[in-house]
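# Summary of structural features
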Amino acid sequence: MDTGCWLFGGEVEDSVFEEGPKRRSGPPASYCAKLCEPQWFYEETESSDDVEVLTLKKFKGDLAYRRQEYQKALQEYSSISEKLSPTNFAMKRDVQEGQARCLAHLGRHMEALEIAANLENKATNTDHLTTVLYLQLAIFSSLQNLEKTIFCLQKLISLHPFNPWNWGRLAEAYLNLGPALSAALASSQKQQSFTSSDKTIKSSFPHAGKDCLLSFPETLPESSLFPVEANSSNSQKNEKAITNIQNCMAEKRETVLTETQLKACASFIRTRLLLQFTQPQQTSFALERNLRTQQEIEDKMKGFSFKEDTLLLIAEVMGEDIPEKIKDEVHTEVKCVGSVALTALVTASSEEFEDKWFRKIKDHFCPFENQFHTEIQILA
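Residues numbered from 1 in each chain as written. Predicted model: local features only at pLDDT ≥ 70, side-chain atom pairs only at ≥ 80, totals over all residues. Heavy atoms only, no water.

Of note in the backbone geometry, Gln144 takes a positive phi value of approximately 60° without being a glycine. Here Gln144 lies in the loop between helix 5 (126–143) and helix 6 (146–159). For Ser284, which is not glycine, the phi torsion reads 55° and is therefore positive. In this structure, Ser284 sits in helix 9 (residues 284–301). (Helix = DSSP H or I, 4+ residues; strand = E, 2+ residues; numbered from the N terminus.)

This part covers the environment of Gln294. As for its position among the elements, Gln294 is in helix 9. For Gln294, a relative accessible area of 13% translates into the label buried. Each C-alpha atom of the pair Gln294 and Phe268 lies 9.3 Å from the other, and the pair is 26 residues apart in sequence. With residues near it in sequence (within four places) discarded, Gln294 still touches Arg272, Leu275, Gln276 and Gln279. Here Gln279 takes part through its side chain, which lies 2.9 Å from a polar atom of the side chain of Gln294. (Buried < 20%, exposed > 50% of the residue type's maximum accessible area, 1.4 Å probe, protein only. Contact = heavy atoms within 4.5 Å. Polar contact = N/O pair within 3.5 Å; in protein donor to acceptor, adjacent residues only side chain to side chain.)

Attention now moves to the side chain of Thr347. Relative to the helices and strands, Thr347 is located in the loop between helix 11 (339–345) and helix 12 (350–365). Thr347 has contacts with Phe151, Gln154, Lys155, Ser158, Glu352 and Phe353, leaving out every residue within four places of it along the chain.

So, on to the packing of aromatic side chains. All chains considered together, the criterion is met by seven aromatic pairs. Seen from their ring centres, Phe353 and Trp357 are 6.3 Å apart, and the 40° between their planes marks the pair as tilted. One end of the pair is Phe353 and the other is Trp357, both in helix 12 and four residues apart, which spans about a single turn. Of the two residues examined, Phe353 and Trp357, each falls in the buried class. With relative accessibility at 2%, the residue Phe353 sits in the buried group. An aromatic cluster is present here, built from Trp167, Tyr174, Phe353, Trp357 and Phe358 joined pairwise through their rings. (Phe/Tyr/Trp six-rings, centres within 6.5 Å; stacked < 30°, edge-to-face > 60°.)

This next bit is on the pattern of salt bridges. Scanning the entire structure with this criterion turns up 15 salt bridges. Two residues, Glu97 and Arg101, come together in a salt bridge whose shortest N-O distance is 3.0 Å. With Glu97 and Arg101 both in helix 3 (residues 89–105) and four residues apart, the pair spans about one turn of that helix. Glu97 gets classed as buried once you look at its relative accessible area, which sits at 19%. Exposure remark for Arg101: the relative accessible area of 22% places this residue in the partly exposed category. Between Glu172 and Lys300 there is a salt bridge whose closest N-O contact spans 2.0 Å. Here the residue Glu172 occupies a position in helix 7 (residues 164–204), and Lys300 occupies one in helix 9, the gap between them amounting to 128 residues. (Salt bridge = Lys/Arg side-chain N within 4 Å of Asp/Glu carboxyl O.)

Once that is clear, we can look at the confidence of the model for the protein. Residues of the protein with pLDDT of at least 70 account for 66%, and the chain-wide mean is 78. Confidence over residues 199–226 falls short of pLDDT 50; this stretch has eleven contacts with residues more than four positions distant or in other chains. Counting interchain partners and residues more than four positions distant, the pLDDT-below-50 stretch residues 368–380 has twelve contacts. (pLDDT = per-residue confidence, 0-100.)

Below is the structure:
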């Protein structure tokens, strides 16, 4: 061949033409798997490898945790944490998570939250952040802090919007939040009512002192012979204002309860939609769990008093972003980014999350909400 026609980069390595390794005749050697007895890591070891020794101690801590021996597990994890190399990031994160979970079970929630915050600051990919959020979720659930629990779930959903189980847990949390908020508003109303009544009594009897119920001067000027009529008129106005505030607060309680039920209903519908889309890809126990959860959601939906057209609207809004075939979208790609970029991936506040997912539904269902808030401010 003419060398002038030889293309640049067309050279071929000589190794391509070398004869490959000869295959061994006869059947391949059998593979011998290492068999470990139960709790093999409790056996004495003479290993000089520090990493192996620490790994065995971690297994002991894991077993103690599974047996709910949290103090023992915490001791194992703590002893490992002190000796781990700073470069062994993977085991260090696992051990710190174990410490935090043990502390939460032992009622030492603030220490657990400190470890979780440290892990969150050092997270470098979405898997790390997901693990930390599940850890914080467990701690706040143990504290029975509904608002923080809901916010953790909202952040998890921001990272994994096609995970049906987090949506289901969010729906349950909203169901529990409704009565709690309603009770808090009722308590606030009762306190406000007592304060307002106290102000009414004091304005009706301006001479009332600290040490006596009523005190009048010995002689009254002629112009003050019948002050009761004016005081009675003021009292009626005050009572009317208090009644108006109480009525508005009662209406507010009803609005809050309806709003949380709306969010719970929307979250349940989203859960059911995602389960229905993943159903064709599942078999065996996964499919059984899917169908059982769908039935449980169907039963809970009967407890809501929303009309059929409202439910259809909710389903339409909550399913807007779901593709025809979810497939790999459920298991999102692990993104390795810095902590600042990771923070941008999750919702910054509960208000931001709810505005994104529920605003269209609320605008349709509660068109007078802003007007109601204005009325409350005027009356207050």
